[in-house]
Amino acid sequence: MLNYKQLYYFWNITKAGSITRAAERLHLTPQTISGQLAELERSLGTDLFRRIGRRLELTSAGKLALSHADEIFQIGNELEQSLRHGAGSGEQSFRVGVADAVPKSLAYQLLAPALALAEPVRLICYEDKLERLFAELAIHQLDLVIADRPLPSELGVKGYNHTLGRCTIAFYGVPELAERYRPTFPRSLDGAPFLLPGDKAAVQAPLTRWFNEHQIRPHIIGKFDDGALMKAFGKAGAGIFPAPAILSDEIRGQYGVEVIGYAHEVMVRYYAISIERRLTHPAVVAVTEAAKQSLFIEGDSIR
């Protein structure tokens, strides 16, 4: 039978980044951790790490072991929390995956109604790349995925797309850039310094079409997979950046920027993706209904 204590040591090594740091975290000696890892590898008949100089790198078997260990200790944590709260408390878990392209504040606004239910809900929230979230949804590890694109049919994952709403895109820049490029918007954007979302962002294709339709050739300073990092560069005045108009008040206040103009033809759509065709989980129902009724306005965004 698998030795789960040894697996726990292995899991901690991956999270800490080294045997020494894992030992410090677990208040054990590095020799103890190293010995237990060697025992685990012997019992499994395969190496979980390879040494690259002084650094440990996961083997293919180690990556597989890590994915299962993540699930095992996540479930163990949920069991512990459930027992601590009492088996009869009636509290229901709500496991949500949020795509990393979805703005954090918008994710909060979408999920907040689940926390206001009469029956208590314990929110377990994960942020990751969409492909990994879809994989977790497929094995019922998640109740819901919030994304900026629907579930692709070619993935072969059985799931259903529930549209939450859509909103337009606004362009933001520090006051100096806003003063310069706002007067003749959108023509003024031709040659303007731009910060753009990464190529995998759902908004990338419609934004490119919008530029082409308006014969705009922006000077692209950089592309960012992380929206918060893009806004940080925008705050420093590195360039103009696009973001949902629904968040304009927050973005102006947090980053000291102004709205230069709107690309009303460019819509960002948000989806709640579940394994249920007909939504029954009370928290999922609360999230989808609240988004449709109050957060989004059909065809445009709340500003």
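Since this is a predicted model, take the numbers as computed values, not measurements. (Residues numbered from 1 in each chain as written. Predicted model: local features only at pLDDT ≥ 70, side-chain atom pairs only at ≥ 80, totals over all residues. Heavy atoms only, no water.)

### What to know about the packing of helix 1 (residues 4–16) against helix 2 (residues 19–26)
Axis separation between helix 1 and helix 2 bottoms out at 8 Å; the angle between their running directions is 115°. For the element pair helix 1 / helix 2, the angle class is roughly perpendicular. For the pair helix 1 and helix 2, the sense of crossing is right-handed. Residue-level inspection shows Tyr8, Tyr9, Asn12, Ile13, Lys15 and Ala16 of helix 1 in contact with helix 2, the latter providing Ile19, Arg21, Ala22, Arg25 and Leu26. Tallied by class, residues from the contact of helix 1 with helix 2 come to seven nonpolar, one polar and three charged. (Axes fitted to C-alpha atoms, helices over the stretch in contact; angles between N-to-C directions. Helix = DSSP H or I, 4+ residues; strand = E, 2+ residues; numbered from the N terminus. Parallel < 35°, antiparallel > 145°, perpendicular 65-115°, else oblique. Left-handed = near helix turned anticlockwise from the far one by under 90°. Contact = heavy atoms within 4.5 Å. Nonpolar A, V, L, I, M, F, W, Y, C, P; charged D, E, K, R; others polar.)

### Quick word on the UniProt feature "domain: HTH lysR-type" (unreviewed entry) in the chain
When the UniProt feature table is mapped onto this chain numbering, "domain: HTH lysR-type" (unreviewed entry) sits at residues 2–59. The span residues 2–59 is 62% helical and 14% strand by assignment, and the distance between its end C-alpha atoms comes to 19 Å. (UniProt positions renumbered as here; feature names shortened; annotations may be inferred.)

### Section: the pattern of salt bridges
If charged atoms from side chains of opposite charge come close, those side chains can pair. Applying the stated criterion to the full structure yields 12 salt bridges. Counted as one network, the salt bridges with shared partners bring together Arg50, Arg55 and Glu57. (Salt bridge = Lys/Arg side-chain N within 4 Å of Asp/Glu carboxyl O.)

### Some points on the packing of aromatic side chains
What the rule picks out here adds up to 13 aromatic pairs. Here tryptophan 11 and phenylalanine 73 contribute two aromatic rings whose centre-to-centre distance is 4.9 Å and whose plane-to-plane angle is 40°, an arrangement assigned as tilted. In this pair, tryptophan 11 sits in helix 1 while phenylalanine 73 sits in helix 4 (residues 60–85), placing the two residues 62 residues apart along the sequence. The same class applies to tryptophan 11 as to phenylalanine 73, namely buried. Arranged with centres 5.5 Å apart and planes meeting at 20°, the rings of tyrosine 172 and phenylalanine 241 form a pair that is stacked. One end of the pair, tyrosine 172, is in strand 6 (residues 160–173); the other, phenylalanine 241, is in strand 9 (residues 241–244), and 69 residues separate them in sequence. There is no split in this pair, since tyrosine 172 and phenylalanine 241 are both buried. Cluster of aromatic residues (ring-pair linked, three or more members): Phe171, Phe185, Phe194, Trp210 and Phe211. (Phe/Tyr/Trp six-rings, centres within 6.5 Å; stacked < 30°, edge-to-face > 60°. Buried < 20%, exposed > 50% of the residue type's maximum accessible area, 1.4 Å probe, protein only.)

### Quick notes on the packing of helix 2 against helix 3 (residues 30–44)
Interaxial distance between helix 2 and helix 3 falls to 8 Å at its minimum, and their mutual angle equals 110°. Relative to helix 3, the element helix 2 is oriented roughly perpendicular. At the point where helix 2 passes helix 3, the crossing takes the right-handed sense. Mapping the contact onto sequence places Ile19, Ala23 and Leu26 in helix 2 and Pro30, Ile33, Ser34 and Leu37 in helix 3. Taken together, the residues that form the contact of helix 2 with helix 3 break down as six nonpolar, one polar and no charged.

### Regarding the sheet that holds strand 4 (residues 121–128)
Reading across from one edge, 4-3-5-10-6-9 is the order of the six strands in this open sheet, with mixed pairing throughout. Looking at the sheet topology across the chains shown, the edges are occupied by strand 4 and strand 9. Averaged over all adjacent pairs, the angle separating strand axes in this sheet is 25°, with direction ignored. Sheet topology note: the strand 3 (residues 92–99)/strand 5 (residues 144–147) ladder contains three bridges and is parallel. Looking across to strand 5, one finds that glycine 97 is bridged to valine 145. Running over the sheet, helix 5 (residues 104–115) touches strand 3, strand 4, strand 5, strand 6 and strand 10 (258–274) and is turned about 160° from strand 4. Here helix 10 (residues 248–255) sits on the sheet and contacts strand 6, strand 9 and strand 10; the angle it forms with strand 9, its principal contact strand, is near 135°. (Pairing = 2+ DSSP bridges.)

### Some details on a nonpolar patch on the surface
Together, Met1, Leu2, Tyr4, Leu44 and Ile72 make up a nonpolar patch on the protein surface, roughly 530 Å² of accessible area in all. Positionally, tyrosine 4 belongs in helix 1. (Patch = residues over 30% accessible without salt bridge, like charges linked within 9 Å, V, L, I, M, F, W, Y side chains within 5 Å. Areas by Shrake-Rupley, 256 points an atom, 1.4 Å probe, with all protein chains shown as cover.)

### Quick notes on the pairing of strand 10
The element strand 10 is largely enclosed, with a buried count of 12 among its 17 residues. Where strand 5 lies against strand 10, three bridges are found, and the strand directions are antiparallel. Looking across to strand 10, one finds that valine 145 is bridged to isoleucine 273. For strand 6 and strand 10, the ladder comprises 13 bridges, and the chain directions are antiparallel. Note that in strand 10 the partner of threonine 163 across the bridge is tyrosine 271.

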